[in-house]
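Structure at a glance
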Amino acid sequence: MHLRFTDDELATLIEMLSLAANVASWNRRPGSDEGVAAFEALEDKILGKAKVAGFGDAIGWDEERQRHVVNKEFAEKAFFSECYDEFRNENFWEELVVRLADRDLQRSIGKEAWEKLGEDERRRRTSEIEKNYWQEFTARGIERVAVIFPPGEG
């Protein structure tokens, strides 16, 4: 298969690949190595071709990992970096709110009862708790988040 891209399309493809590879690299679950390696191999292949197709200023070589990568200067200005940062930020807050609300529900009804609930019922029962956490974090960020260690553990 042969594909032809304009310079703008190729620049977008480079960014899309970099975004996908960055997200995939966070996967540390057992058995994920093969999938992450496949993402990185495809990224390397396309970046290598893009480098010789006129994107040499945007693409460098990582000696340690032995593969092509977008260089720091390109990445800092690229839309994919903004997307990646926004994804990480939104994911952090979403996960924090959902996990804290689930923890609070589990504490109030017990672990056994909580485990019997389906995901839809958990979300329904935690919606008000989540709303309260969203209000707190929107107003104060993590300023009032604290971990309370049991005596002798911290």
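Anything mentioned here points back to the structure above.
A quick note: this is a predicted structure, and the numbers were derived from the prediction, not measured. (Residues numbered from 1 in each chain as written. Predicted model: local features only at pLDDT ≥ 70, side-chain atom pairs only at ≥ 80, totals over all residues. Heavy atoms only, no water.)

**Concerning helix α2 (residues 33-55)**
We count it as follows: Here a helix means four or more residues in a row that DSSP labels H or I, a strand means two or more in a row labelled E, and each is numbered from the N terminus. For a helix, the expected span equals 1.5 Å multiplied by the number of residues minus one. Between buried and exposed lies partly exposed: a residue is buried under 20% and exposed over 50% of the maximum accessible area for its type, with that area taken using a 1.4 Å probe on protein chains only. Pairs of residues are marked as contacts when any of their non-hydrogen atoms sit within 4.5 Å.
Between its first and last C-alpha, α2 extends only 29 Å over 23 residues, short of the 33 Å set by a 1.5 Å rise per residue. Every buried residue of α2 is accounted for by V36, E43, L47, G48, A50 and F55. Along its buried surface, α2 packs onto α1 (7-24), β1 (59-62) and β2 (67-70).

**Notes on unusual backbone geometry**
Within the chain, Q66 stands out as a residue other than glycine whose phi angle is a positive 55 degrees. Judged by its relative accessible area of 45%, Q66 falls in the partly exposed class.

**Considerations on the pairing of β1**
Rules: Pairing between strands is defined by DSSP: at least two bridges between the two strands are required.
Pairing of β1 with β2 involves four bridges; the strand directions are antiparallel. Paired with D62 across the two strands is R67, which belongs to β2. In this antiparallel pair of consecutive strands, β1 and β2, the connection spans four residues, and Q66 shows a positive phi of 55 degrees.

**Some remarks on the side chain of S18**
Positionally, S18 belongs in helix α1. What makes S18 buried here is its relative accessible area of 3%. Setting aside its immediate chain neighbours within four residues, S18 contacts E43, V70 and F80.

Any functional reading would require information beyond the geometric quantities listed.
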